[in-house]
Amino acid sequence: MPRLTLPPAVITQDPEPLHQHRRLAILRRVLNDDSLPMRARIAAALVLLYAQPVSRIVRLTIDDVTDDETTVTVQLGDPPSPLPEPVADLMRAYIQSRPHLPYASSRSSQWLFPGRQPGQPMNPVSLQVHLRKIGVPPQRGRSSAIRQLVLQAPAPVIAKALGYHDKTATRLVTEAGGTWSRYAPGDHTR
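Given the structure is predicted, the values throughout are model-derived calculations rather than measurements. (Residues numbered from 1 in each chain as written. Predicted model: local features only at pLDDT ≥ 70, side-chain atom pairs only at ≥ 80, totals over all residues. Heavy atoms only, no water.)

## Quick notes on the overall build of the protein
Tallying secondary structure elements over the protein gives eight helices and three strands in all. In the protein, the succession of α and β elements from N to C terminus is α-α-α-β-β-β-α-α-α-α-α. Expressed as a percentage of contacts within the protein between residues at least 6 apart in sequence, the contacts between residues at least 24 apart total 60%. As displayed, the protein has an accessible area near 11,300 Å², and 55% of this comes from carbon and sulfur atoms. (Helix = DSSP H or I, 4+ residues; strand = E, 2+ residues; numbered from the N terminus. Contact = heavy atoms within 4.5 Å. Areas by Shrake-Rupley, 256 points an atom, 1.4 Å probe, with all protein chains shown as cover.)

Structure follows, in structure tokens:
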């Protein structure tokens, strides 16, 4: 057999995070554009606000969302994360519209993002495609969001609230140039 030369691998995901103003502009557009699919808008908000990977978003269930009529929370870590008002209203509308989704398997499913196969969540690759179609780069948006979050609060707090590992959050705060590196999590009232 002759020697086979493969072309260089092309990486489609740009690891460089979005600038903060660009991430917020995308979020603003997604929240205000009613012509976009609602589930893509909800997923985009979770990526751009809470730095959630698409693979984790598709695993959320209806039980992970709590609405007590004043606050909507989503269980990403501990404690549940409150959704800001425009996203909370969108989440309420999405949950109410789920029984009317076009495929039969979604009507009885407990997945927040039900897939086409009965009892299965949406495929993460499919959700990434939906996000890219509406102009949301999932990887770059998530990177930008987590870097901004670890600059605003201690890494262990962010890690626990959003379901990240402590070491990952600490590494991210160091990469972002944060100053919370010596924060000790836990109860300090003793």
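## Overview of the packing of aromatic side chains
Under the counting rule described, the total for this entry stands at one aromatic pair. Note that Arg56 overlies the ring of Tyr164, its terminal NZ or CZ placed 5.4 Å from the centroid. (Phe/Tyr/Trp six-rings, centres within 6.5 Å; stacked < 30°, edge-to-face > 60°. Lys NZ or Arg CZ within 6 Å of the ring centre and 35° of its normal.)

## As for the pattern of salt bridges
Between side chains of opposite charge, pairing is possible as soon as their charged atoms come close. A full pass over the atoms with the stated rule returns four salt bridges. In this structure, Arg92 engages Glu85 in a salt bridge whose closest nitrogen and oxygen atoms are separated by 3.7 Å. By relative accessible area, Glu85 is classed as partly exposed at 43%. Among the charged side chains, a network of salt bridges with common partners joins Asp67, Glu85, Asp89 and Arg92. (Salt bridge = Lys/Arg side-chain N within 4 Å of Asp/Glu carboxyl O. Buried < 20%, exposed > 50% of the residue type's maximum accessible area, 1.4 Å probe, protein only.)

## Observations concerning the packing of helix 2 (residues 38-50) against helix 4 (residues 85-97)
Interhelical geometry of helix 2 versus helix 4 gives an angle of 140° and a closest axis separation of 10 Å. The angle between the axes of helix 2 and helix 4 places the two elements in the oblique class. Of the two elements, helix 2 crosses helix 4, and the hand of that crossing is left-handed. Side by side, helix 2 and helix 4 meet where Met38, Arg39, Arg41, Ile42, Ala45 and Leu49 of the first sit next to Val87, Leu90, Met91, Ala93, Tyr94 and Ser97 of the second. Partitioning the contact of helix 2 with helix 4 into residue classes produces nine nonpolar, one polar and two charged. (Axes fitted to C-alpha atoms, helices over the stretch in contact; angles between N-to-C directions. Parallel < 35°, antiparallel > 145°, perpendicular 65-115°, else oblique. Left-handed = near helix turned anticlockwise from the far one by under 90°. Nonpolar A, V, L, I, M, F, W, Y, C, P; charged D, E, K, R; others polar.)

Don't take any of this as a statement about function, it's just geometry.
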